[in-house]
Amino acid sequence: ENIPLLPGSPRRLSPRAVVRGGQGPKHGQQCLQAPGPPASLQGSVPQGSGQASGGGSAPNSSVINNYLEASEPVSSEACVSRMHFYDSQRKVDYVLAYHYRKRGAHPGHSSPGHNLAIVSNGETGKDPQAGAPGDIELGPLDALEEERKEQREEFEHNLMEAGLELEKDLESKSQGSVFVRIHAPWQVLAREAEFLKIKVPTKKEMYEIKSQGSIAKTFSKILHKLSAPLKPRVPEHSNSRMKNLSYPFSREKMYLYNIQDKDTFFDNATRSRIVHEILKRTTCSRANNTMGINSLIANNIYEAAYPLHDGEYDSPGDDMNDRKLLYQEWARYGVFYKFQPIDLIRKYFGEKIGLYFAWLGLYTSFLIPSSVIGIIVFLYGCATIEEDIPSKEMCDQQNAFTMCPLCDTSCDYWNLSSACGTARASHLFDNPATVFFSIFMALWATMFLENWKRLQMRLGYFWDLTGIEEEEERAQEHSRPEYETKVREKMLKESNKSVVQKLGTSGTEAEDEDDEDKLTWKDRFPGYLMNFASILFMIALTFSIVFGVIVYRITTAAALSLNKATRSNVRVTVTATAVIINLVVILILDEIYGAVAKWLTKIEVPKTEQTFEERLILKAFLLKFVNAYSPIFYVAFFKGRFVGRPGSYVYVFDGYRMEECAPGGCLMELCIQLSIIMLGKQLIQNNIFEIGVPKLKKLFRKLKDETEPEEADSAHSKHPEQWDLDYSLEPYTGLTPEYMEMIIQFGFVTLFVASFPLAPVFALLNNVIEVRLDAKKFVTELRRPDAVRTKDIGIWFDILSGIGKFSVIINAFVIAVTSDFIPRLVYQYSYSHNGTLHGFVNHTLSFFNVSQLKEGTQPENSQFEQEVQFCRFKDYREPPWAPNPYEFSKQYWAVLSARLAFVIIFQNLVMFLSVLVDWMIPDIPTDISEQIKREKSLFVDFFLKEEHEKLKLAEEPARRSQSSGHRSKRGPAASPAPSGRSQLGSSASSGSQHTSV
């Protein structure tokens with residue numbers, strides 16, 4: 001049967017909401033009814049009339065606009081469920097919310113109970129408080145509110161023309177919020193499911209995904225038994241080896257599907273997705289021919305649009321819904337040890353969010369082996385600390401290496417043995433095992449990405465995501481509201497008055513103009529220029545802040561060195577305070593850069609949401625990457641490289657020398673910097689930004705609701721509806737913040753892992769909490785997102801792959817340049833007399849004649865003044881008695897060449913191993929590729945069987961009529977030709993019965 005459309009266009013359509021059905025709303029809430037055709041076309045329709053209709057409505061029932069009187073008696077059984085219309089039969093699939101303010105209304109003045117009742121023929125009911133239009137002078141706000149009201153009425157009219165059924169409460173107060181409930185009847189669901197090519201289960205029973213090989217099967221059974229306590233108790237998780245045979249929905253092949261109940265055949269997420277597609281493509285000519293609900297929300301015509309949650313997550317009793325099940329088995333910290341119910345997450349939130357949590361779960365599980373290896377590397381450093389010869393030599397006071405002063409005038413000469421603690425601590429992270437760990441982590445990143453590709457393919461197969469490219473192309477057709485506005489402004493500037501009038505009057509011509517007039521590179525050039533200049537400025541700002549912290553360290557170190565009491569703890573104090581300053585600045589700039597990236601992307605005016613999201617991600621990632629890692633890059637590769645030498649130091653300002661690395665090298669300081677920034681970001685962002693900020697927002701919203709004058713129904717406030725509860729939740733803004741946080745953490749884990757082997761351990765501990773934190777946020781604190789189908793994680797995979805490759809180069813330079821691994825190797829095999837590291841410390845220290853110190857830079861009141869002729873400093877330079885004193889020595893060039901050779905060898909070796917791992921692990925799992933082939937053959941068999949059954953049903957009436965003809969005539973057999981024609985005719989008629997929807 002055809003979908004009923006609203007015939008005609010009433011002069012003042014006011015779909016203020018109606019229930020279709022005999023049951024009315026509860027007291028105090030008026031609703032629209034949808035009984036029969038408009039009164040103007042088929043006679044008058046009395047108020048309150050209508051036939052109750054559930055999933056299957058009357059063939060010619062159209063939505064019209066009648067109001068119920070507030071004084072009418074209401075059945076106590078009116079609204080049983082919070083998820084349905086007030087007839088308790090039709091499910092609410094989507095909700096639109098807006099705020100209204102009546103003409104000339106002020107807070108505190110309301111007119112409850114009596115309202116204007118407009119039916120579709122233009123007749124009005126009595127309203128004692130309503131005067132003539134000229135009684136109240138329209139103010140600017142009133143005119144704007146009237147305009148928005150007309151736009152809402154037209155948009156809701158167009159929704160009803162598309163077949164949707166609407167219901168909403170009457171605007172009985174002077175101001176307040178109204179919720180438009182939308183229900184999609186079966187005809188609309190069937191039409192849209194066919195148009196969107198939504199795959200649904202067929203009559204074919206679930207078949208088992210068989211694992212090949214007896215050993216693999218036995219291992220799988222053992223693993224299944226061992227992991228049984230870790231699995232969540234959800235129905236979808238119990239059949240992980242079973243799969244339904246799915247086929248795109250088609251109204252012509254209804255016999256393929258097992259449709260037992262039309263109301264529950266499509267789940268809630270699919271129903272809301274179908275309604276959202278209709279909302280996105282419905283136009284509103286009064287709002288400049290705006291396309292879709294997103295444009296109306298952007299223009300403040302509606303406040304929000306969202307699907308409903310499946311009831312409350314903490315409701316008492318045994319009644320269970322998907323939201324409550326997710327909360328109990330996934331979104332609580334008490335179930336942190338369990339696997340995630342990915343299939344249920346996907347069913348409830350859609351594929352896009354399901355893929356995010358699947359990715360996060362795989363990443364967290366991959367952190368377990370890297371954490372174990374990292375702990376082993378750290379313990380190896382602890383175990384071999386007593387056997388480390390260089391640190392022993394540094395701690396040996398008999399060696400008495402007298403070092404040059406660390407600052408001018410106020411600093412004295414000092415013994416190298418005083419830095420014994422730093423040297424021993426450096427060995428924990430600067431040992432041969434870290435080189436092995438760096439290679440392991442580079443291969444780990446490759447294996448993680450390869451396994452994610454395999455899991456993505458597996459989920460795509462189980463979730464029927466094949467052939468999704470058409471949906472993605474269709475998503476590209478919907479332009480963003482800002483883009484439409486820019487195009488319209490451009491057309492208004494370039495067009496004459498006649499074209500402007502055509503824009504407002506002719507929808508088809510406006511669409512043609514939209515196709516012809518698009519934003520060119522010339523229109524976007526100012527935005528691109530602003531983007532380029534702003535990003536350069538932000539990066540320069542980050543570098544200048546890093547330089548400011550360097551100046552702070554230098555000046556603070558010089559100031560503390562003047563005081564004898566603080567002189568001994570100068571390095572610890574300066575390092576700790578500088579790292580904390582860096583952390584605070586990073587956290588502040590993170591928030592600023594996120595807002596700036598969004599603003600810059602809006603200036604570009606991307607056409608589609610996908611393009612907007614990709615450009616936003618790239619800008620935000622670039623700015624946040626530079627912000628998070630610039631202090632770490634400085635310590636790793638620049639600190640101590642531009643110091644100069646005694647007698648010829650490099651000065652930042654007058655009297656302030658560039659800072660040097662600690663005697664044990666910069667690796668220990670790099671480790672401290674990395675650990676504090678990583679842990680600080682995770683703890684503060686998780687505890688304050690992700691937990692505290694939403695709670696504060698909720699508290700402020702609650703206080704605001706309490707302070708504002710509210711004309712609420714006491715019974716309604718005690719038992720709020722589901723749409724009221726969901727409206728009070730935070731709107732869903734996308735997955736970009738969640739991904740960004742994990743990508744930056746992935747950088748901490750891979751980029752500088754040579755200096756901090758424990759990074760995977762802290763990342764693992766954070767992610768165990770992060771999974772449940774994000775889960776709780778999605779289940780309890782956010783409105784339900786629209787179910788979005790996607791086959792992969794998009795641009796995030798490319799960023800991860802880029803970080804993985806970049807980490808190989810960074811770790812190669814950290815080992816070669818920052819650590820002492822290469823100098824020790826060169827000394828041991830080129831300069832050592834016995835092939836050991838004995839004498840390594842002395843080999844790395846150069847001599848300086850203290851008499852050559854510049855005037856005014858000598859230490860004051862030195863305890864070493866009479867004894868010291870030469871002081872030592874860490875560098876490879878010629879001694880003062882050489883022909884070219886203080887020039888770089890041969891050892892310097894030997895070590896430099898070894899460092900560069902190591903970088904090249906390490907990089908190529910690891911890249912080769914990564915490519916080898918990539919080649920060895922196929923992107924598509926073997927069992928999945930075999931099952932795809934098997935599924936095709938199964939479907940062919942099933943399709944032929946169903947066609948055969950259909951043909952049998954079609955032939956039955958023909959055989960009966962033929963046999964009855966034989967009995968009546970008692971004559972010779974009928975010719976085959978008519979029989980064939982009758983069979984064909986019967987078959988066609990039977991087929992039409994099957995295909996009618």
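Going along each chain's sequence as written, the residues are numbered from 1 onward. At least 70 in pLDDT is required for a residue's local features to be given in this predicted model, at least 80 for side-chain atom pairs to be given and counted, and no such filter applies to totals for whole chains, interfaces and linings, which use all residues. Water and hydrogen atoms were dropped before computing side-chain values, which therefore reflect all heavy atoms in the structure.

Q: Would you mind going over the overall build of the chain in detail, with residue names and values included?
A: The numbering of helices and of strands both runs from the N terminus, where a helix is a DSSP run of H or I of at least 4 residues and a strand a run of E of at least 2. Within the chain one finds 31 helices and 18 strands. Accessibility here uses a 1.4 Å probe with only protein chains present; expressed as a share of the type maximum, an area under 20% marks a residue as buried, one over 50% as exposed, and anything in between as partly exposed. Expressed as a percentage of its 997 residues, the buried residues of the chain come to 49%. Working rule for contacts: check all heavy atoms of both residues, and any pair within 4.5 Å makes them a contact. Of the contacts made within the chain by residues no fewer than 6 positions apart, 80% connect residues no fewer than 24 positions apart. Accessible surface area values rest on a Shrake-Rupley calculation with a 1.4 Å probe, where residue burial reflects the displayed protein chains alone. Total accessible area computed for the chain in this model is approximately 48,400 Å², and 58% of it derives from carbon and sulfur atoms.

Q: Give me the nonpolar core: which residues, what numbers.
A: Buried Ala, Val, Leu, Ile, Met, Phe, Trp, Tyr and Cys residues form a nonpolar core when they are joined through side-chain atoms within 4.5 Å. With 114 residues, the main nonpolar core has W359, Y363, Y629 and F752 as its most contacted residues. Excluding residues within four positions of it along the chain, Y629 makes contact with I744, G747, F748, L751 and F752. Counting residues in hydrophobic clusters, the runner-up holds 41 residues, among them L96, W186, V200 and L296.

Q: I'd like to hear about unusual backbone geometry, residue by residue, with values.
A: Positive phi, normally seen in glycine, also occurs at N300, with a value near 65 degrees. As for its position among the elements, N300 is in the loop between α6 (293-298) and β10 (304-306). Unlike most non-glycine residues, Y886 shows phi in positive territory, near 70 degrees. Mapped onto the fold, Y886 is located in the loop between β18 (870-874) and α29 (890-920).

Q: Which residues make up the packing of helix α2 (residues 186-196) against helix α5 (residues 268-281), and what are the values?
A: At a minimum axis distance of 10 Å, the contact between α2 and α5 shows a crossing angle of 80 degrees. Taken together, the axes of α2 and α5 are roughly perpendicular relative to one another. Contacts between α2 and α5 involve V188, L189, R191, E192, A193, F195 and L196 from the first element and R271, R273, I274, E277, I278 and R281 from the second. Following the grouping adopted for this structure description, the nonpolar residues are Ala, Val, Leu, Ile, Met, Phe, Trp, Tyr, Cys and Pro, the charged ones are Asp, Glu, Lys and Arg, and the polar ones are all others, Gly among them. Along the lines of polarity and charge, the residues of the contact of α2 with α5 split into 7 nonpolar, no polar and 6 charged. All axes here are fitted lines through C-alpha atoms, helices being fitted over the stretch that makes contact, and every angle between N-to-C directions spans 0 to 180 degrees. Should an angle lie under 35 degrees it is considered roughly parallel, over 145 roughly antiparallel, and from 65 to 115 roughly perpendicular; all remaining angles are considered oblique.

Q: How would you explain the pattern of salt bridges if you had to name every residue and give the values?
A: The salt bridge criterion pairs a side-chain nitrogen of Lys or Arg with a carboxyl oxygen of Asp or Glu, the two atoms within 4 Å. Considering all chains together, one arrives at 30 salt bridges under this definition. A salt bridge links D87 to R90; the shortest N-O distance between them is 2.7 Å. Across the pair R615 and E604 runs a salt bridge whose closest N-O atoms are separated by 2.8 Å. Residue R615 is found in helix α20 (residues 609-638), and its partner E604 is found in helix α19 (residues 570-604); the two are separated by 11 residues along the sequence. Take E604: its relative accessible area is 6%, and that puts it in the buried class. Within this structure, R553, K639, E659 and E669 form a network of salt bridges that share partners.

Q: Could you give an account of the confidence of the model for the chain, with specific residues and numbers?
A: Caution applies to low-pLDDT parts of the model: their predicted coordinates are not meant to be read in detail. Chain-level pLDDT for the chain is 75 on average; 75% of the residues reach the 70-or-more range. Per-element mean pLDDT across the chain ranges from 37 in helix α31 (residues 976-995) up to 92 in helix α9 (residues 351-383). Scored from 0 to 100, pLDDT records how confident the predictor is in each individual residue. A low-confidence stretch, residues 1-80 stays under pLDDT 50, and its non-local contacts, those more than four residues away or across chains, total 215 contacts. This stretch, residues 971-997, has a pLDDT under 50; its non-local contacts, to residues over four places away or in other chains, come to 24 contacts.

Q: Go over the pairing of strand β1 (residues 94-101) with me, naming the residues and quoting the values.
A: Of all the 8 residues making up β1, 6 are buried; the element is thus mostly covered by neighbouring parts of the structure. Strand pairing is assigned whenever DSSP detects at least two bridges linking the two strands. Pairing between β1 and strand β3 (residues 175-183): 8 bridges, direction antiparallel. Each residue of the ladder has a partner; that of H99, found in β3, is S177. Judged from the 3 bridges that link them, β1 and β10 form a sheet pairing that is antiparallel. Looking across to β10, one finds that A97 is bridged to A304.

Q: I'd like to hear about the environment of L519, residue by residue, with values.
A: Mapped onto the elements, L519 comes out in the loop between α16 (507-516) and α17 (521-561). In this structure, the C-alpha to C-alpha distance between L519 and P606, residues 87 residues apart in sequence, is 9.4 Å. If sequence neighbours within four positions are ignored, L519 has contacts with Y483, K486, V487, K490, R524 and V605.

Q: Explain the UniProt feature "transmembrane region" (unreviewed entry) in the chain residue by residue, including any values.
A: Under the present numbering, the feature "transmembrane region" (unreviewed entry) in UniProt falls on residues 356-380, 528-552, 572-596, 616-637, 742-765, 793-817 and 892-917. Helix makes up 100% of residues 356-380 and strand 0%. Its end C-alpha atoms lie 36 Å apart. Secondary structure across residues 892-917 divides into 100% helix and 0% strand, with the first and last C-alpha atoms of the span separated by 37 Å. UniProt positions are given in the numbering used here, feature names are shortened, and annotations may be inferred rather than shown by experiment.

Q: Give me α9: which residues, what numbers.
A: By this rule, a helix spans an expected 1.5 Å times one less than how many residues it contains. Helix length check: α9 (33 residues) gives 48 Å between terminal C-alpha atoms against 48 Å at 1.5 Å per residue, within 8%. Values of bend correspond, residue by residue, to the angle between axes fitted over the seven residues ending at that residue and the seven starting there. At I368, α9 shows its maximal kink, close to 25 degrees; a proline, P369, follows between one and four residues later.

Q: Let's hear about the pairing of β3: which residues, and what values?
A: Burial analysis of β3 places 7 of its 9 residues in the buried class, the great majority of the element. Two strands pair when backbone bridges link them, and strand β2 (residues 165-168) and β3 are joined in this way by 4 bridges, in the antiparallel orientation. Directly across from E167, in β3, lies its bridge partner R181. What sits between β2 and β3 in their antiparallel hairpin is a turn of 6 residues.

Q: I'd like a description of the state of the cysteines, backed by residues and values.
A: Two cysteine sulfurs form a disulfide in these notes if their separation is within 2.5 Å. Across all of its chains, the model carries 2 disulfides by this definition. Here C395 pairs with C420 through a disulfide, and the sulfurs are 1.9 Å apart. Handedness here is read from the sign of the S-S torsion; for C395 and C420, about 95 degrees, the answer is right-handed. Here C395 is found in helix α10 (residues 389-395), whereas its partner C420 is found in helix α11 (residues 420-429), with 25 residues between them in sequence.

Q: Any details on the side chain of R90? Residues and values, ideally.
A: Topologically, R90 is positioned in the segment before β1. Within 3.5 Å is the distance limit for a polar contact, defined as a pair of N or O atoms, with the added protein rule that one can donate a hydrogen and the other accept it, and that residues adjacent in sequence qualify only through two side-chain atoms. One polar contact links R90 to D87, side chain to side chain, over a distance of 2.7 Å. At a separation of 2.7 Å, a polar atom in the side chain of R90 contacts the side chain of E165.

Q: Quick rundown of the sheet that holds β2? Include the residues and the values.
A: Pairing is antiparallel across the open sheet formed by 4 strands, whose spatial order is β2-β3-β1-β10. Sheet topology places β2 and β10 at the edges, where each strand pairs with a single neighbour. Taking the axes of each pair of neighbouring strands and ignoring which way they run, one obtains an average angle of 20 degrees across the sheet. Where α5 meets the sheet, its contacts fall on β1 and β3, and the angle it forms with β1 comes to roughly 50 degrees.

Q: Kindly report on the packing of aromatic side chains, identifying the contributing residues and their values.
A: For any pair of aromatic rings, the description consists of the separation of the ring centres together with the inter-plane angle of the planes. In this scheme Phe, Tyr and Trp rings, the latter by its six-membered ring, pair at centre separations within 6.5 Å, and the angle between planes marks the pair as stacked below 30 degrees, edge-to-face above 60, and tilted otherwise. By the definition in use, this model includes 58 aromatic pairs. A centroid spacing of 4.6 Å and a plane angle of 55 degrees characterise the contact between F625 and Y629, whose relative ring orientation is tilted. One end of the pair is F625 and the other is Y629, both in helix α20 and 4 residues apart, which spans about a single turn. Exposure class is identical for F625 and Y629. Each is buried. Ring centres of F870 and W881 lie 5.8 Å apart, and the angle between their planes is 90 degrees; this geometry places the pair in the edge-to-face category. Here F870, found in strand β18, pairs with W881, found in the loop between β18 and α29; they are 11 residues apart in sequence, far enough to count as distant.

Q: Break down α20 for me, with residues and values.
A: The end-to-end C-alpha distance of α20 is 41 Å, a good match for the 44 Å that 30 residues give at a rise of 1.5 Å each. Y629 marks the point of greatest bend in α20, at about 45 degrees, and the proline P631 comes within the next four residues. Along α20, 21 of the 30 residues are buried, which leaves the element largely enclosed by surrounding structure. Where α20 ends, the next residue or the one after it, G640, has phi of about 80 degrees, a positive value.

Q: Any details on the environment of V180? Residues and values, ideally.
A: Residue position: V180 is located in strand β3. Using a relative accessible area of 1% as the deciding quantity, one classes V180 as buried. With 86 residues separating them in the primary sequence, V180 and Y94 have C-alpha atoms 8.3 Å apart. With residues up to four places along the chain from it excluded, the contact list for V180 reads Y94, V95, L96, Y98, E156, L166, E167 and K168.

Q: Talk me through the packing of α19 against α20; I want residue IDs and the actual numbers.
A: At their nearest, the axes of α19 and α20 sit 9 Å apart, and the two run at 155 degrees to each other. Between α19 and α20, the interaxial angle falls into the category roughly antiparallel. Considering the relative orientation of α19 and α20, their crossing is right-handed. Left-handed is the label given to a crossing in which the near helix is rotated counterclockwise from the far helix by less than a right angle, and right-handed is the label when the rotation is clockwise.

Q: I'd love a proper account of the side chain of K777, names of residues and values included.
A: Considering the arrangement of structural elements, one finds K777 in helix α25 (residues 759-781). Overall, the relative accessible area of 14% leaves K777 in the buried class. A polar contact is formed between the side chain of K777 and the side chain of E738, at a distance of 2.2 Å. Contacts of K777, omitting those with residues within four sequence positions, involve E690, E738 and L782.

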